[in-house]
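# Structural description and commentary
One-letter residues, chain by chain:
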Amino acid sequence: MSVVGAEVEKLGGFAGEALSGACANGAMLIGVAAYMLYVEPQIAVFALAFLIPQVVITPFLQRKLNVLIEERVVLLRDLGDGISGMKTNASSDPDHVMNSIFTNRMRFFVLKFAMKSALNLLNALGPLTVLLFGGYLAMQGDVQLGVIVAFISGFEKISSPLRELIGFYRITAQANVQHRMIAKWMAS
């Protein structure tokens, strides 16, 4: 019952909202990036360079989070089985399982918030680089000040859909882990 109540419900919620938001955010990201590249390619490339590390960091850290999610599912199932009396071996001691769940959750949150901090830092550095590099180009007379202001606004329009797409990727990866765990449970 705990598998159906806790795990299948999350997976069903993901399936309900799956692709529509990601498609809209992807289109917005591509559209604004193309416009920025068309208007002023130098500043656009310089600003977009801070978005690429986000795309690289996220899958790397998400794989580590997925391992912790899978471990948590196993621990929660062990706890449920231990409480209901379905499992009576020594490894399902409720105190040991509870400590393991707590440790797992703490590791998960530390990693999750470290990833969030890194992504937020990279998002904040984007407009700063636009100001610095664009300001330099404006002092050289290569760019007008209005272009820099437009690019700062454009960077915000890019970083918001990218954040949403990264969130979608993370939810998809977690749903994949949950789906695998449910399928493994149903097969046994």
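The preceding data block contains the structure.
Residues numbered from 1 in each chain as written. Predicted model: local features only at pLDDT ≥ 70, side-chain atom pairs only at ≥ 80, totals over all residues. Heavy atoms only, no water.

### Let's talk about the overall build of the chain
A tally of regular secondary structure across the chain gives 5 helices and 0 strands. Along the chain, helices and strands appear, N-terminal first, in the series α-α-α-α-α. Residues counted as buried form 35% of the 188 residues belonging to the chain. Surface summary for the chain: the accessible area is close to 11,100 Å², and the carbon and sulfur share equals 68%. (Helix = DSSP H or I, 4+ residues; strand = E, 2+ residues; numbered from the N terminus. Buried < 20%, exposed > 50% of the residue type's maximum accessible area, 1.4 Å probe, protein only. Areas by Shrake-Rupley, 256 points an atom, 1.4 Å probe, with all protein chains shown as cover.)

### Here we look at the pattern of salt bridges
One pass over the structure, following the stated rule, counts 2 salt bridges. In this structure, the salt-bridge partner of R180 is E70, at a minimum N-O distance of 3.3 Å. With a gap of 110 residues between them, R180 in helix α5 (residues 145–187) and E70 in helix α3 (residues 52–84) connect regions that are remote in the sequence. Given the relative accessible area of 40%, R180 is considered partly exposed. With a closest N to O distance of 3.8 Å, R107 and E71 form a salt bridge. Residue R107 is located in helix α4 (residues 94–140), and its partner E71 is located in helix α3; the two are separated by 36 residues in the primary sequence. R107 sits in the partly exposed class, given a relative accessible area of 44%. (Salt bridge = Lys/Arg side-chain N within 4 Å of Asp/Glu carboxyl O.)

### Description of a nonpolar patch on the surface
On the surface, Y35, Y38 and V39 cluster together into a nonpolar patch covering about 390 Å² of accessible area. Locating V39 in the fold gives a position in helix α1 (residues 2–39). (Patch = residues over 30% accessible without salt bridge, like charges linked within 9 Å, V, L, I, M, F, W, Y side chains within 5 Å.)

### Remarks on the packing of helix α2 (residues 41–48) against α4
Remark: α2 packs on α4, axes separated minimally by 9 Å, with the N-to-C direction vectors making an angle of 155 degrees. By the angle class used here, α2 and α4 are roughly antiparallel. Our pair here, α2 against α4, has a crossing hand that is right-handed. Residues Q42, I43, F46 and A47 of α2 touch α4, and the partners they reach there are T129, V130, F133, G134 and L137. Here the residues of the contact of α2 with α4 are counted per class, giving 6 nonpolar, 3 polar and no charged. (Axes fitted to C-alpha atoms, helices over the stretch in contact; angles between N-to-C directions. Parallel < 35°, antiparallel > 145°, perpendicular 65-115°, else oblique. Left-handed = near helix turned anticlockwise from the far one by under 90°. Contact = heavy atoms within 4.5 Å. Nonpolar A, V, L, I, M, F, W, Y, C, P; charged D, E, K, R; others polar.)

### Topic: the environment of V74
Among the secondary structure elements, V74 is positioned in helix α3. You can call V74 partly exposed: its relative accessible area is 38%. Considered as a pair, V74 and I101 are 27 residues apart in the sequence and their alpha carbons are 9.6 Å apart.

### With respect to the nonpolar core
Of all hydrophobic cores here, the largest spans 29 residues; its most connected members are M36, I43, L51, V130, F151 and I158. Here this core takes 8 residues from α5, the largest share from any one element. Not counting chain neighbours up to four residues away, the residues in contact with I43 comprise V130, F133, G134, L137, V143 and F151. (Core = buried A, V, L, I, M, F, W, Y, C linked by side-chain atoms within 4.5 Å.)

### Re the side chain of Q54
Among the secondary structure elements, Q54 is positioned in helix α3. Side chain to side chain, Q54 and N123 meet in a polar contact 3.1 Å long. Residues in contact with Q54, not counting those within four places in the same chain, are L119, L122, N123, L162 and I166. (Polar contact = N/O pair within 3.5 Å; in protein donor to acceptor, adjacent residues only side chain to side chain.)

### Quick look at the packing of aromatic side chains
Per the stated rule, a full pass over the model turns up 2 aromatic pairs. Measuring from centroid to centroid gives 5.7 Å for F108 and F109, while their planes differ by 75 degrees, and the two rings are edge-to-face. Assessed through its relative accessible area of 6%, F108 is described here as buried. Ring centres of F109 and F113 lie 5.9 Å apart, and the angle between their planes is 15 degrees; this geometry places the pair in the stacked category. Remark: F113 and F109 occur in helix α4; sequence separation between them is 4 residues, near one turn of the helix. Relative accessible area serves as the criterion here: at 45%, F113 is assigned to the partly exposed category. (Phe/Tyr/Trp six-rings, centres within 6.5 Å; stacked < 30°, edge-to-face > 60°.)

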